[in-house]
Amino acid sequence: MSTPARPFAHNGIAFGCDYNPEQWAPEVWDEDIALMGEAGVDLVAINIFGWSHIEPRPGEFDFRGLDDVLGRLHAAGIRVNLGTGTASPPAWLTAAHPEVLPMAEDGTRRYPGGRQAFCPSSPIFREAARRLTDAVARRYGEHPAVSLWHVSNEIGCHNALCYCDESAVAFRRWLRARYGTLDRLNAAWGTAFWSQVYGDWEEILPPRATLSARNPGQALDFHRFSSDELRENYRAEAEVIRAVSDVPITTNFMVTAHIENMDYWSWAADMGIIANDHYLDHRLDDPRAELAFAADLSRGLGQGAPWILMEHSTGAVNWQPLNKPKGAGEIIRNSLTHVARGADGVCFFQWRASVQGSEKFHSAMLPHAGTDTAVWREVVELGGIVERIGEVAGSRVHTDIALVFSWESWWATQTDSRPSRSLGYLDQVHAAYGALHALGLTIDIVAPGADLSGYRLVVVPGLHLVREEEASVITDWIAAGGTALVTFYSGTVDEDDRVWTGGYTGPFREALGIRVEEFAPVPPGEDLHLSSGTTARLWSERSRVTTAQVEASFVDGPSAGHPAVTRNAWGDGAAWYLATLPSAADYAALMRRIADEADVHPAAAIRSGNGAVELVRRRGAEASYLFIVNHGSTPASVEARGTELITGMPVTGVAAVPGGAVRIVREEAVA
Ligand code: GAL
């Protein structure tokens, strides 16, 4: 797809929401728009789930409601982020064509009645989505209110993996393009194992449910295929829009804790601007660190360019086992943490809380209880802040630290048969990120193979699947003087999920100066002790150092006596290896040692409030902006100089940040 004809342009930081006026009578719309004005809302996503309204019968379009809403928003000076409306097919489509419905791995269909009930490869769905997108794009492509196109919605949220016959056809097509010959496919999937050799393309199926473990190569390719198919859905709609409109196009990513099916590294270049949806996940140990990680990854997907937080919540969601509201000030802290980490837009799902449907207990900007509520007051306060800090827009976060993240490693780590079911890829990424985050450091998230020049510290958590050339980028960078930390299970398989032989960590082995001979995972709940006095869990390994120094070894557990933490001088740099999962505090302590060696530091010095304060600096052409988010309940103080943008007060050496507050200091003199 071509890049958008024009970039997303917005005055300051965008502030907005999903708006679903079709759930309300038109009398409510006037009140909505008046209240949006009060809150400072200036970017509204509509027509996200509009299909059955605007195309009530096949090929019969009714745009009266949408015309009206767009007109009202435009008259109020609110810009529109216009959905193509294809996120959820109408009942008439799946009633007439049940073969559009997605199929689970056990061969059973999933019914309509929820959302996203379609197979991403379905030609019938694709044609219907193309026709709708074309109609919407032609009608509104030049509408002055439309400032962004919102293709579908959270593509692949529910239907990423479809196992139907149509998917099988598309999977075979994709495999032919990837491998060309069956010989190559057989080699890549290791089909010599268990008599799985394919002699005809037609024999190949999606990895449907089996009695025993499935072929992991097939499962890995099915992930790649599915991510590509979903991206094709995006591209097909974007192409139709691009034919009639030069407005930038995007879709909302789900860089968040529980969604793994889309390799967004391969989607990012198609986006007019990166947009992400993020919801705090209270099932995690540290939801706040995960928020920071997701924001940093969103920025990484755009190669550092500003992005938009397309959805988050003002309070409880409705899809976790227990849905927690936010604490006082948390809407503001969460929102500004995203802005600190590069967002130029802060939007919520959704504007007005639904009274019906499965999301009626999901929070909104305008709660069921109305405007005389703490949530509404905080929303209005946030709107004011966002307006006041508009000059931050366009500035960029700079950091000395990169963390290598890979969706392919996520998929490969979690195929059927592995050393320990307790080992999760994202958990390892979060643990490493959390240790850096606890030190107040700012981190870029980069793809395997990304250029690392300019960084001083590189962290490679559990990069299970790695290509030789991707590993070389890291080891060459170390040899040139960098400091890196690689953690266990990295460098285990190549892109075909084939084990790197000769000792684990494969292409990292030489640089790390250690050969891992055997994995020895540890049962959940069992602690390990290291010679450094540290406790650890989950994992241990039996290995021998070749050239590395042992910094700590296992005192007990299945690998007693073997190295747990090593450091190898490699060229002009240092390659650290961690063969276990330390406790959070011990991980942070190790990271501090490595960070000190790499000479990387937080964005500013914290005088008081350590542990509860998040610091990030964005740099613009004229000034830089130090974001100080105080998550604690007591005041914090941070060394800074300049003007505080929220209060307008000068800062002459120390910024005092009340408990729970955020301060943003425009610094004139930071290099
Ligand atoms: C997102 C979705 C929204 C809404 C929200 C609830 O996944 O895009 O439509 O469902 O979550 O948290």
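Above this text you will find the structure in question.
A brief structural summary. All values derive from a computational prediction rather than experimental measurement. (Residues numbered from 1 in each chain as written. Predicted model: local features only at pLDDT ≥ 70, side-chain atom pairs only at ≥ 80, totals over all residues. Heavy atoms only, no water.)

A separate point is the overall build of the chain. Regarding its fold elements, the chain presents 16 helices and 28 strands. At 26 Å, the chain has a C-alpha radius of gyration in line with the 26 Å of a compact globule built from 671 residues. Principal axes of the C-alpha set define a box for the chain whose edges measure 75 × 75 × 40 Å. Taken over 671 residues, the chain has a buried fraction of 60%. The contacts in the chain between residues at least 6 apart in sequence include a share of 71% that link residues at least 24 apart. In the structure as shown, the chain presents an accessible area of about 25600 Å², 50% of it carried by carbon and sulfur atoms. Counting 56 positive and 84 negative side-chain charges, the chain places the averaged centre of each group 1 Å from the other. (Helix = DSSP H or I, 4+ residues; strand = E, 2+ residues; numbered from the N terminus. Rg over C-alpha atoms; globule rule 2.2 N^0.38 Å. Buried < 20%, exposed > 50% of the residue type's maximum accessible area, 1.4 Å probe, protein only. Contact = heavy atoms within 4.5 Å. Areas by Shrake-Rupley, 256 points an atom, 1.4 Å probe, with all protein chains shown as cover. Lys, Arg positive; Asp, Glu negative; His and termini not counted. Charge placed at Lys NZ, Arg CZ, Asp CG, Glu CD.)

Among the nonpolar cores identified, the biggest contains 168 residues, and Ile-46, Trp-149, Leu-301, Leu-336, Trp-351, Ile-389 and Phe-405 are the most heavily contacted of them. Broken down by element, this core gets its largest block of residues, eight residues, from helix α5 (residues 123–140). The next biggest cluster of nonpolar side chains, apart from the first, holds 15 residues, and it includes Tyr-163, Leu-175, Ala-188 and Trp-189. (Core = buried A, V, L, I, M, F, W, Y, C linked by side-chain atoms within 4.5 Å.)

It is worth spelling out helix α16 (residues 584–598) at this point. With 15 residues, α16 should cover 21 Å at 1.5 Å per step; its first-to-last C-alpha distance of 21 Å lies within 8% of that length. The secondary structure elements touched by the buried residues of α16 are α13 (425–438), β13 (457–460), β14 (483–487), β20 (563–570), β21 (573–578) and β22 (581–582). Of the residues one or two after α16, Asp-599 is the one with positive phi, at around 65 degrees. (Expected span 1.5 Å × (residues − 1).)

Further remarks concern the site of the ligand. Residues in contact with the ligand, as listed here, are Phe-49, Arg-115, Asn-153, Glu-154, Asp-277, Tyr-279, Glu-311, Trp-319, Phe-349, Glu-359 and His-362. Glu-311 has a polar side-chain atom sitting 2.7 Å from an oxygen atom of the ligand. A distance of 2.9 Å separates an oxygen atom of the ligand from a polar atom in the side chain of Trp-319. Against a free-state accessible area of 310 Å², the protein chains account for coverage of 96% of the ligand. (Near = heavy atom within 4 Å. Polar contact = N/O pair within 3.5 Å; in protein donor to acceptor, adjacent residues only side chain to side chain.)

All right, on to the pattern of salt bridges then. Counted according to the given criterion, the structure contains 44 salt bridges. Across the pair Asp-134 and Arg-138 runs a salt bridge, and its minimum N-O distance is 3.1 Å. Taken together, the residues Asp-134 and Arg-138, both in helix α5 and four residues apart, mark about one turn of the helix. Arg-138 gets classed as exposed once you look at its relative accessible area, which sits at 58%. Asp-221 serves as the salt-bridge partner of Arg-178, at 3.5 Å between the closest nitrogen and oxygen. Residue Arg-178 is located in helix α6 (residues 165–179), and its partner Asp-221 is located in helix α8 (residues 216–242); the two are separated by 43 residues in the primary sequence. (Salt bridge = Lys/Arg side-chain N within 4 Å of Asp/Glu carboxyl O.)

This part covers the side chain of Asp-296. The residue Asp-296 is located in helix α9 (residues 287–301) in this model. Take Asp-296: its relative accessible area is 0%, and that puts it in the buried class. Looking at Asp-296, its side chain comes within polar contact range of the side chain of Arg-299, at 2.8 Å. Beyond its immediate sequence surroundings of up to four residues, Asp-296 is in contact with Arg-341, Tyr-433, Ile-443 and Ile-445.

Pairing in this open sheet of nine strands is parallel, and the strands run β5-β4-β3-β2-β1-β9-β8-β7-β6 from one edge to the other. Only two strands of the sheet have a single neighbouring strand rather than two, namely β5 (249–250) and β6 (252–253). Examined bridge by bridge, β6 and strand β7 (residues 275–277) share two bridges and lie parallel to one another. Looking at the pairing, Phe-253 lines up with Asn-276 of β7. (Pairing = 2+ DSSP bridges.)

Right, let's talk about the sheet that holds β22 for a bit. Taken in spatial order, the three strands line up as β16-β17-β22 in an open sheet, and their pairing is antiparallel. Every interior strand has two partners, whereas the edge strands, β16 (528–529) and β22, have only one. As paired strands, β16 and strand β17 (residues 535–537) are joined by two bridges and run antiparallel to one another. By the bridge assignment, His-529 is partnered in β17 with Thr-535.

Between its terminal C-alpha atoms helix α1 (residues 26–39) stretches 20 Å, which fits the 20 Å expected from 14 residues at 1.5 Å a residue. Taken together, the buried residues of α1 touch β1 (14–18), β2 (43–46), α3 (64–75) and α11 (374–388). One or two steps after α1, the chain reaches Gly-40, where phi turns positive at roughly 85 degrees.

This brings us to the packing of α13 against α16. The relative placement of two packed helices is expressed as an angle between their axes plus a distance between the axes. Orientation of α13 relative to α16, taken along the N-to-C sense of each, is 70 degrees, at an axis distance of 8 Å. Comparing their axes, α16 and α13 come out roughly perpendicular. Seen along the crossing, α13 lies across α16 with a hand that is right-handed. Each of Ala-431, Ala-432, Ala-435, Leu-436 and Ala-438 in α13 lies in contact with α16, whose residues at this interface are Tyr-587, Ala-588 and Met-591. Classifying every residue of the contact of α13 with α16 gives eight nonpolar, no polar and no charged. (Axes fitted to C-alpha atoms, helices over the stretch in contact; angles between N-to-C directions. Parallel < 35°, antiparallel > 145°, perpendicular 65-115°, else oblique. Left-handed = near helix turned anticlockwise from the far one by under 90°. Nonpolar A, V, L, I, M, F, W, Y, C, P; charged D, E, K, R; others polar.)

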